[in-house]
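Take a look at the letters that make up each chain.
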Amino acid sequence: APPTSISVLAADTPAPFSRYQAQNFTLVCVVSGGKPAPLVYFKRDGEPIEATPLPEPPAGAGSWAPRNLLLRDLDDTKVPKSLAAAGEPGMGNPFPTAEPPRGLAAERDAVTENIPETVVSREFPRWVHMAEPIYYFRHTHAPVSDGTVEARATLTWTLNPQIDNEALFSCEVKHPALSMPMQSEVTLVAPKGPKITMTPTRARVGDTVRILVQGFQNEVFPEPLFTWTRVGSRLLDGSAEHDGKELVLERVPAELNGSMYRCTAQNPLGSTDTHTRLIVFENPNIPRGPEDSNGSLPGHRGFRFVLALTLTVILELT
C-alpha cells in the first residue's frame, strides 16, 4: 500500500526569536498509510542533505561545530552592515551595541493611528557563523491498527537566521508502490508586515474593542508567536503583556484614549513590531466621567447651582 499523506511540521512552535543565543530547530516529516515502511529523506533548495544519524535527541547546541558552506553560497543581501564592517568573525563586542531605531511617525486619522512595522530581524549578533551547520537526522516507525506504518523523520540543526531565512526544505518519500517520490515542502520565513484590524472601527466609551492580527504580507513558517503590550503602561487588565493573535479590551474607559499598543510577531527566524493607537470617542448612552467638559467636578457644579439658586431667592425676597 502506498503512503496516503505526507506533511512537514516545525517542532516546538510557536517559539521566540533569540537575538543573543543560538538555538536548535527541528523539522518533522510525518508519512502515513504506507506498507511496508517508506524511505524518508530531506532536501534543502533541491539538494539532498547529508545528515548525521541521531538515535537520541541532541543534548544541546553548545557542542555543535559548524562546517563550511557546501550547498549554499552566502547571499550578500543577507549580510547585515554591522557584520560586514566587523571584519573577521570573533572580533570585538559579541553583542550589538544598540537596537535599531523604532520609527513611530505616522499620520493620525479620525479613529485609529496605524504605525508601520519596525523590523528588528535584520540585525544579528556576531555569534552567528557564516556557515551551514551539521544536520542531525532521526527516523522512526510506528505500526497502525490497520496494518500500515506511520513514519516520522526529524531534521535538527543549529538555526542560522542569516542563511536559513527563505531556505526551501522538502521531505521526500520513496516506496515500492509509488512510481515517483511523494514530496512536501516548506520555506522558512520570518514574519513581515503584520495586518492589524480593530473592531469596532469607531470605539466609544464602554465598548469592547478587539485588536486582531489577520495575517502578514508574506507566507510565514513556522507559526509565529504574538505578544501584545501597551506602550508606557500596563494593559487594561493590569497585566504587562498578552499572548495570542487577538487582544480584547473589555468596556474601554475614556482614559484609554490615545493609548498605543504594540504587537510583536516572532518566530525563530526573526521578529517584527507593529503599533496601533486607540482613539476612544464619547458615548451618549453613558454619563460623563468625574469631570465635565469644563474640567469641573460634578460636586463643584452642583454647589454652584445651589449657590445661584439661593442668591436668586434672596434677591426675589428683597
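Described below are features of the structure shown in this document. (Residues numbered from 1 in each chain as written. Predicted model: local features only at pLDDT ≥ 70, side-chain atom pairs only at ≥ 80, totals over all residues. Heavy atoms only, no water.)

1. Points about the overall build of the protein
Inclusion rule: The secondary structure listing takes helices from DSSP runs of H or I that are at least 4 residues long and strands from runs of E that are at least 2 residues long, numbered from the N terminus. Between buried and exposed lies partly exposed: a residue is buried under 20% and exposed over 50% of the maximum accessible area for its type, with that area taken using a 1.4 Å probe on protein chains only. Contact definition: two residues touch when any of their heavy atoms are within 4.5 Å. To be clear on the numbers: accessible area is Shrake-Rupley with a 1.4 Å probe, and residue cover counts the displayed protein chains and nothing else.
A tally of regular secondary structure across the protein gives three helices and 17 strands. Burial status across the protein gives 40% buried among its 318 residues. By sequence separation, contacts in the protein at least 24 residues apart represent 69% of the contacts at least 6 residues apart. Within the structure as shown, the protein displays about 17,900 Å² of accessible surface, and the carbon and sulfur contribution to it stands at 54%.

2. A closer look at the sheet that holds strand E15 (residues 246-249)
Formally: Strands qualify as paired when DSSP identifies two bridges or more between them. Where helices are involved, their axes are fitted lines through C-alpha atoms of the stretch in contact, as for all axes, and angles between N-to-C directions lie from 0 to 180°.
If you walk across this open sheet you meet the three strands as E11-E12-E15, and the pairing is antiparallel. Each edge of the open sheet is held by one strand with a lone partner, namely strand E11 (195-199) and E15. Taken pair by pair, the neighbouring strands of this sheet meet at an average axis angle of 15 degrees, ignoring direction. Sheet topology note: the E11/strand E12 (residues 209-215) ladder contains five bridges and is antiparallel. Bridge pairing in E12 places Thr199 opposite Arg210.

3. Here's the deal with the nonpolar core
Selection rule: What is meant by a nonpolar core is a set of buried Ala, Val, Leu, Ile, Met, Phe, Trp, Tyr and Cys residues, joined one to another through side-chain atoms within 4.5 Å.
Grouped together as the largest cluster of nonpolar side chains are 27 residues, with contacts concentrated most on Leu27, Cys29, Val40, Phe42, Trp157, Phe169 and Leu188. Grouped together as the second largest cluster of nonpolar side chains are 21 residues, Ala203, Val205, Cys263 and Ala265 included.

4. Quick notes on the pairing of strand E9 (residues 168-174)
Across the seven residues that make up E9, a large majority, five, are buried. Two elements, E9 and strand E10 (residues 182-187), share six bridges in a ladder whose sense is antiparallel. The residue bridging Val173 from the neighbouring strand is Met182, located in E10.

5. Some remarks on the sheet that holds strand E2 (residues 24-34)
Taken together, the five strands give an open sheet; going across it, the order is E1-E2-E8-E7-E5, and neighbouring strands pair in mixed fashion. Because the sheet does not close on itself, it has two edges, and the strands there are strand E1 (5-10) and strand E5 (51-53). Taken pair by pair, the neighbouring strands of this sheet meet at an average axis angle of 25 degrees, ignoring direction. Direction of pairing for E5 relative to strand E7 (residues 135-143): parallel, over a ladder of three bridges. Bridge pairing links Thr52 to Tyr136 in E7.

6. Concerning the packing of aromatic side chains
Given two aromatic rings, their pairing is described by the distance between the two centres and the angle made by the two planes. Note the cut-off: Pairing of aromatic side chains here covers Phe, Tyr and the six-membered ring of Trp, requires ring centres within 6.5 Å, and sorts the geometry by plane angle: under 30 degrees stacked, over 60 edge-to-face, intermediate tilted.
One pass over the structure, following the stated rule, counts five aromatic pairs. Here the aromatic rings of Phe25 and Trp157 are separated by 5.4 Å at their centres, their planes lie at 75 degrees, and the arrangement is edge-to-face. Of this pair, Phe25 sits in strand E2 while Trp157 is found in strand E8 (residues 149-158), placing the two residues 132 residues apart along the sequence. For Trp157, a relative accessible area of 0% translates into the label buried.

7. Some words on the pattern of salt bridges
Where side chains of opposite charge bring their charged atoms close, a pairing between them can arise. Put simply, the rule is: Definition used for salt bridges: Asp or Glu carboxyl oxygen within 4 Å of a side-chain nitrogen of Lys or Arg.
Evaluation of the coordinates by the stated rule reveals four salt bridges. Two residues, Glu150 and Arg152, come together in a salt bridge whose shortest N-O distance is 3.2 Å. Classification of Glu150 by relative accessible area gives partly exposed; the value is 25%. Of the residues examined, Arg152 reaches a relative accessible area of 36% and is grouped as partly exposed. For Arg210, the salt bridge is made with Glu246, and the minimal N-O distance between the two is 3.8 Å. Taken together, the positions of Arg210 in strand E12 and Glu246 in strand E15 put the pair 36 residues apart, joining distant regions of the chain. With a relative accessible area of 37%, Arg210 lands in the partly exposed category.

8. Observations regarding unusual backbone geometry
Residue Pro36 is bonded to the preceding Lys35 through a cis peptide linkage, with omega at 0 degrees. Its location among the elements puts Pro36 in the loop between E2 and strand E3 (39-44). In the segment running from Phe221 into Pro222, the intervening peptide bond is cis, with an omega of 5 degrees. Mapping Pro222 onto the fold places it in the loop between E12 and strand E13 (225-230). A positive phi angle, close to 70 degrees, is found at Glu166, a residue other than glycine.

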